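# Descriptive analysis of the structure
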There are 2 protein chains.
Amino acid sequence: MKILVIYAYPNTDSYNYAIFQTLTQNFQAHHDIQVLDLYQEKFNPVLYFDQTQKRRDLQFQQETARYRNQLLWAEHLIFIFPIWWGGMPAILKGYIDRVFSKGFAYDYKGVIPVGHLQNKTAWIITTHDTPTLYVRFFQQDYGKVLKRQVLKMCGIRPVKHYSMPFLRNKNAQQRQKFLHFIQEKAQNL
Amino acid sequence: MKILVIYAYPNTDSYNYAIFQTLTQNFQAHHDIQVLDLYQEKFNPVLYFDQTQKRRDLQFQQETARYRNQLLWAEHLIFIFPIWWGGMPAILKGYIDRVFSKGFAYDYKGVIPVGHLQNKTAWIITTHDTPTLYVRFFQQDYGKVLKRQVLKMCGIRPVKHYSMPFLRNKNAQQRQKFLHFIQEKAQNL
């Protein structure tokens, strides 16, 4: 399987990096793996357009061509990122803003969106620092926007979401348990 | 009143720019106004931290000091931005990620967040391209995360949200009507 790991965390001394390593070290040898480490890549997340650089031409933009090709190549996407302020870090939000362009990732038929990224599945692996019940009943997003309003709209499904909630309250054993869960997921892919 | 307008749209040939202009041209003369145009500013939205630049020291970071001072100065914040992929453009998400730092904008007392940006109010003015009913029943965020999970958590309230929904389907008259509404809001502030 062709797997693209999209990773968004600044430093290696972190639980997100441990998730990233656990995952990438445990894939079976017959898979093809590409890693997009947005911070390492110094990805510019600012979507720009104006009178001469039209928004409708984003799908043809040279600067982002290799990211579109990477998405076309992949059969399975794995996003790893922390929930900051209820959603994606800006560097990942900008990757969506810039790379998942109209014409490339989706189009509209009247008001109905039609996804162009068919025959691909995805996992979303997130961490966050909010008490679990609070997220369930009072908070919006927390990875759901990426799952439902981005990936599914573009035809990517099923999308599974694995979350390590309330990380700042978790002890070493609980942290290790989730890494073990990720290890098994990677091995069984 | 000290008003800070935080604006996030790349080009001037746009409805968001028309909203921005309508607003800023219609404030009464006795107000103090500051504008933060994130695109003009070339704001870097990528939150970075590591072993030496600790996340807990963000609140003291020199590079973002003037944005913190601007927030402390303001009595009323007005955010103007388009909903892209259900949420804020990356440049605005990164402004939140980098400037609304722990210790400056909020702290935790146990699991309870305590907002430090007291005695401030806000408006959020957004546009989006999704059919209205669809947003109401099936979609998450669309400005609610900024309102409830960012601003209110930091003590900023009340926050009012004015939205121009399903913009791509609106005719000139409907567009003008919303601008007129914004004009009146600005004049009566």
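Model, not experiment: these values are computed from the prediction.

## Comments concerning the overall build of chain A
Secondary structure summary: chain A contains six helices and seven strands in total. Computed over C-alpha atoms, the radius of gyration of chain A comes to 17 Å, within 12% of the 16 Å expected from 2.2 N^0.38 for 189 residues, which places it in the range of a compact globule. In terms of overall dimensions, chain A has a C-alpha envelope of 55 × 45 × 30 Å along the principal axes. Counting all 189 residues of chain A, 54% fall into the buried class. Counted over contacts in chain A with a minimum sequence separation of 6, partners at least 24 positions apart contribute 79%. Here chain A has roughly 8,900 Å² of accessible surface; of this, 48% comes from carbon and sulfur atoms.

## Structural notes on the sheet that holds strand β2 (residues 32-37) of chain B
By definition, the strands of a sheet pair up through backbone hydrogen bonds, in either a parallel or an antiparallel sense. Residues and elements named next belong to chain B. If you trace the five strands from one edge of the open sheet to the other, you get β2-β1-β3-β6-β7, paired in parallel fashion. Because the sheet does not close on itself, it has two edges, and the strands there are β2 and β7 (159-164). When the angles between neighbouring strand axes are averaged without regard to direction, this sheet yields 15°. Note that strand β6 (residues 121-127) and β7 share six bridges and pair parallel. Opposite Ile125, over in β7, you have Tyr162 as the bridge partner. Relative to strand β3 (residues 76-82), helix α1 (residues 15-24) is tilted by about 160°, and along the sheet it contacts β1 (2-7), β2, β3, β6 and β7.

## Re the sheet that holds strand β2 (residues 32-37) of chain A
Residue and element names in this part refer to chain A. In space, the five strands of this open sheet follow the order β2-β1-β3-β6-β7, with parallel pairing throughout. The open sheet has two edge strands with one neighbour each: β2 and β7 (159-164). Across the sheet, the mean angle from the axis of one strand to that of its neighbour is 15°, orientation sign disregarded. Pairing geometry for strand β1 (residues 2-7) and strand β3 (residues 76-82), over five bridges, is parallel. Within β3, the position partnered with Ile6 by the bridge is Phe79. The sheet contacts of helix α6 (residues 172-187) involve β6 (121-127) and β7, and relative to β7 the element is tilted by about 160°.

## Here's the deal with the confidence of the model for chain A
On average, residues of chain A score 97 in pLDDT, and 100% of them reach the 70 mark or higher. Among the prediction metrics, the complex's ipTM stands at 0.97, with pTM recorded as 0.98.

## Details of the interface of chain B and chain A
On the chain A side, the residues contacting the 46 residues of chain B number 46 residues. Roughly 3,700 Å² of surface becomes buried between chain B and chain A when both sides are summed, with 59% attributable to carbon and sulfur atoms. Looking at the side of chain B facing chain A, the largest losses of area belong to Trp85, Gln140 and Gln149 of chain B, adding up to 25% of the total buried there. Joining chain B to chain A, the criterion identifies zero salt bridges. Scanning the region where chain B abuts chain A turns up 12 residue pairs in polar contact (both at pLDDT 80 or more).

## A few points about the pattern of salt bridges
A full pass over the atoms with the stated rule returns six salt bridges over all chains. We note a salt bridge from Arg66 of chain A to Glu41 of chain A, for which the minimum N-O separation is 2.0 Å. In this pair, Arg66 of chain A sits in helix α2 (residues 65-73) while Glu41 of chain A sits in the loop between β2 and α2, placing the two residues 25 residues apart along the sequence. Between Lys93 of chain B and Asp97 of chain B there is a salt bridge whose closest N-O contact spans 2.7 Å. Of this pair, Lys93 of chain B and Asp97 of chain B both sit in helix α3 (residues 90-99), four residues apart, which is roughly one turn of that helix. Like Lys93 of chain B, the residue Asp97 of chain B is buried in the burial classification.

## Observations regarding the relation of the copies chain B and chain A
Take chain B, turn it by 180°, move it 0.0 Å along the axis, and it overlays chain A with an RMSD of 0.0 Å. What the superposition gives is, in effect, a two-fold axis relating one chain to the other. Using C-alpha coordinates, one finds that chain B approaches the rotation axis most closely at Ala90 of chain B, a distance of 2.3 Å. A share of 100% of interface residues in chain B that are also interface residues in chain A marks the association as one of identical surfaces.

## What about the environment of Gln21 of chain B?
Note on placement: Gln21 of chain B falls in helix α1. Between the alpha carbons of Gln21 of chain B and Asp37 of chain B there is a distance of 12 Å; along the sequence they are 16 residues apart.

## A closer look at helix α1 (residues 15-24) of chain A
Residues and elements named next belong to chain A. Taken together, the buried positions of α1 are Tyr15, Asn16, Ile19, Phe20, Thr22 and Leu23. Buried residues in α1, looked at end-on, bunch into an arc of 165°, giving them a common side. Of the surrounding secondary structure, the elements contacted by the buried residues of α1 are β1, β2, β3, β6, β7 and α6.

## Comments concerning the environment of Lys147 of chain A
All names here are of chain A. Tracing the backbone through its elements, the reader meets Lys147 in helix α5 (residues 144-151). For Lys147, a relative accessible area of 21% corresponds to the partly exposed category. Among residues more than four places away in sequence, those in contact with Lys147 are Ile124, Lys152, Val159 and His161. In this structure the side chain of Lys147 is engaged in a polar contact, spanning 3.3 Å, whose partner is the backbone oxygen of Val159.

The rules behind the values
Residues numbered from 1 in each chain as written. Chains lettered and ligands numbered in written order. Predicted model: local features only at pLDDT ≥ 70, side-chain atom pairs only at ≥ 80, totals over all residues. Heavy atoms only, no water. Helix = DSSP H or I, 4+ residues; strand = E, 2+ residues; numbered from the N terminus. Rg over C-alpha atoms; globule rule 2.2 N^0.38 Å. Buried < 20%, exposed > 50% of the residue type's maximum accessible area, 1.4 Å probe, protein only. Contact = heavy atoms within 4.5 Å. Areas by Shrake-Rupley, 256 points an atom, 1.4 Å probe, with all protein chains shown as cover. Pairing = 2+ DSSP bridges. Axes fitted to C-alpha atoms, helices over the stretch in contact; angles between N-to-C directions. pLDDT = per-residue confidence, 0-100. Buried area = accessible area lost by both parts, 1.4 Å probe. Salt bridge = Lys/Arg side-chain N within 4 Å of Asp/Glu carboxyl O. Polar contact = N/O pair within 3.5 Å; in protein donor to acceptor, adjacent residues only side chain to side chain. Least-squares fit on C-alpha atoms with pLDDT ≥ 70 in both. Arc of directions from axis to C-beta.

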